[in-house]
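# Per-entry structural report
One letter stands for each residue in the lines below.
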Amino acid sequence: MRGIVFEDGKAELSNEVTLREIGPGEVRVKMVAAGVCHSDVSVLNGTIPYPTPLVMGHEGAGEVIEVGDGVTNVTAGDHVVMTTLASCGMCNHCNRGMPTHCPTSIGNMTTPFTVGDKPAYNFAALSVFADEVIIKSIQAIKIDKEIPLTSASLIGCGVITGVGTVFNQSNIEARHTAAVFGVGGIGLNVLQALRIRGARRIIAVDTLASKESLAMEFGATDFVNAADGGAVEAIKEIVKGPEGLWFSQDGVDFAYDCVGHPKVVADCVDATTWGGTTVVIGVPGGDAMLGDIPINKLNLVDRKITGCRYGSTKPQQDIPLIVDLYKQGRLKLDELVTATYPLEEFHTVVSDMHEGKLARGVLTFD
Ligand SMILES: NC(=O)c1ccc[n+]([C@@H]2O[C@H](COP(=O)([O-])OP(=O)(O)OC[C@H]3O[C@@H](n4cnc5c(N)ncnc54)[C@H](O)[C@@H]3O)[C@@H](O)[C@H]2O)c1
Ligand SMILES: [Zn+2]
Ligand SMILES: [Zn+2]
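A quick note: this is a predicted structure, and the numbers were derived from the prediction, not measured.

### A short note on the overall build of the chain
- Along the chain, the regular secondary structure elements total eleven helices and 19 strands.
- Taking 21 Å as the expected radius of gyration for a compact globule of 366 residues, we find that the chain reaches 20 Å, a close match to that expectation.
- Principal-axis analysis of the C-alpha atoms places the extent of the chain at approximately 70 × 40 × 35 Å.
- When each of the 366 residues of the chain is scored for burial, the buried share is 50%.
- By sequence separation, contacts in the chain at least 24 residues apart represent 70% of the contacts at least 6 residues apart.

### Re the domain arrangement of the chain
- Per the domain assignment, the segments making up the chain are domain 1 (3–147 + 333–364) and domain 2 (162–309).
- Computed from C-alpha coordinates alone, the two centres of domain 1 and domain 2 are separated by 29 Å.
- Ranked by the residues each element gives to the side of domain 1 that touches domain 2, the list is headed by helix α1 (residues 38–44), at three residues.
- Each residue belonging to the side of domain 1 that touches domain 2 can be placed in one class, and the counts come to five nonpolar, seven polar and two charged.

### Thoughts on the environment of A11
- Here A11 is to be found in strand β2 (residues 10–14).
- Residue classification places A11 among the partly exposed residues on the basis of 18 C-beta atoms within 10 Å.
- Setting aside anything within four residues of it in sequence, one finds A11 in contact with I4, V5, F6, L44, M56 and F346.

### Points about the pairing of strand β18 (residues 337–342)
- With five bridges connecting them, β18 and strand β19 (residues 360–364) associate as parallel partners. By the bridge assignment, V337 is partnered in β19 with R360.
- This β-α-β element, β18 to helix α11 (residues 346–354) to β19, shows right-handed connectivity.

### A few points about the pairing of strand β14 (residues 222–225)
- As judged from the four bridges shared by strand β13 (residues 201–206) and β14, these two strands associate in the parallel manner. Paired with I203 across the two strands is D222, which belongs to β14.
- A crossover links β13 with its parallel partner β14, the connecting element being helix α6 (residues 212–217), and its sense is right-handed.

### Thoughts on helix α5 (residues 185–197)
- Over its 13 residues, α5 extends 19 Å from the first C-alpha to the last, a length consistent with the 18 Å expected when each residue adds 1.5 Å.
- Summarising burial for α5: ten of the 13 residues are buried, a large majority.
- Listed as buried for α5 are G185, I186, G187, L188, N189, V190, L191, Q192, A193 and L194.
- Residue G198 follows α5 closely and has a positive phi angle near 85°.

### Some points on the site of ligand 1
- Near ligand 1 there are 32 residues, and of these H38, G182, G184, I186 and G260 occur at the shortest range.
- At the level of secondary structure, the elements contributing two or more residues to the shell around ligand 1 comprise α1, α5 and β13.
- Across the shell around ligand 1, the residue classes tally to 16 nonpolar, 13 polar and three charged.
- Both domains that furnish three or more residues to the shell around ligand 1 are identified here as domain 1 (3–147 + 333–364) and domain 2 (162–309).

### A few points about the packing of helix α4 (residues 158–170) against helix α10 (residues 315–327)
- For the pair α4 and α10, the least separation of the axes is 11 Å and the interaxial angle reads 100°. Relative to α10, the element α4 is oriented roughly perpendicular. Where α4 approaches α10, its residues V159, I160, V163 and G164 are matched on the opposing element by P315, D318, I319 and I322.
- Among the residues forming the contact of α4 with α10, the class breakdown is six nonpolar, one polar and one charged.

### Considerations on the sheet that holds strand β1 (residues 3–7)
- Read from one edge to the other, the open sheet built from six strands follows the order β2-β1-β5-β9-β8-β3, with strand pairing classed as mixed. For this open sheet the edge positions go to β2 and β3 (17–19), each flanked by a neighbour on one side alone.
- Bridging between β1 and strand β5 (residues 54–55) involves two bridges; their strand directions are antiparallel. Across the sheet, F6 pairs through a bridge with L54, a residue of β5.

Basis of the calculations
Residues numbered from 1 in each chain as written. Chains lettered and ligands numbered in written order. Predicted model: local features only at pLDDT ≥ 70, side-chain atom pairs only at ≥ 80, totals over all residues. Helix = DSSP H or I, 4+ residues; strand = E, 2+ residues; numbered from the N terminus. Rg over C-alpha atoms; globule rule 2.2 N^0.38 Å. Buried ≥ 20, exposed ≤ 12 C-beta atoms within 10 Å, placed from the backbone. Contact = placed C-beta atoms within 7 Å. Domains from an automatic or database assignment. Nonpolar A, V, L, I, M, F, W, Y, C, P; charged D, E, K, R; others polar. Pairing = 2+ DSSP bridges. Right-handed = clockwise from strand over helix to strand, strands pointing away. Expected span 1.5 Å × (residues − 1). Near = placed C-beta within 6 Å. Axes fitted to C-alpha atoms, helices over the stretch in contact; angles between N-to-C directions. Parallel < 35°, antiparallel > 145°, perpendicular 65-115°, else oblique.

Laid out in structure tokens, this is it:
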């Protein structure tokens, strides 16, 4: 079968990928659609290091073609969204509703594939840029067949990460204001979740002016072009506190880094008001440091910085919730799919992403 295989610093389509046999508690899925996330680009450029050869991709949807012994949640023919959380369901973290803290949900690399005669790793317990994948049954969430799988494919990372961060971590109320740095697949979903939760002012920030109309479509009330610097000042002009304070209250209650750069995190902190929260979603290179943040911004007054992995999601709760909001017309999925591409055009998606042409590009497997 086919797969996008990363080795020796480059990704190429291989027709020599094979997949091991299915085991108990596992599900074999025929891929139908897979989104390309910036974390895939980060594998290509070394920001996210991984052992190789590696079959890429971690955001997808498809059709179940086989289930192993003991699987009861899905059956052959079902349409599923896949999650990267191969969580155990039995530890204290799983049981208190935090599967993103489950120790088995990250870093357990295995080699279910071979490429030629070499064992090949899966990525994020998925590898959806291949014709078929084998996953744990807890990673397969059944969805209605009426949902287009191209749209559904994006739920598994971009949507769950952006929407989940707001729904599960931010506790947004109508009085709140927010700034979202980075209007890509993640940022757009933070924007639409803020709109759903009713934040009164939602400021989108990007270095590309071309992202403005997309940002407004997804719920932004204002757009700030960060290309020439000055984004923080622009945000503080939009959300002003009282004049003449010794320590200014200008700025937003929540600032989201959906880029993955230390300067953006520092700008987020600078853009928050007293009591404001900076949420780091972006993933910079492994050794990036939080170097330029004035510490007294935190104590004067009560600013916080927090990280969020994968929207702190509980997939069995959040994926049906996202699908329901989509079916009611309250959450956009179709509009996230700017274009579809056959699997062999993976590199075209990456270059279209770099040129800022995409909300998301989706690979298809016809
Ligand atoms: N925490 C998690 O669990 C998680 C999950 C998925 C992705 N991510 C990370 O989130 C980040 C965003 O991913 P994506 O798929 O949305 O990326 P994307 O490439 O689709 O979008 C990034 C956007 O940021 C904009 N941008 C670049 N530099 C900027 C700057 N200095 N200021 C403002 N905007 C800027 C780009 O123009 C683009 O619109 C990546 O670092 C990715 O690895 C994290
Ligand atoms: Zn992702
Ligand atoms: Zn667990």
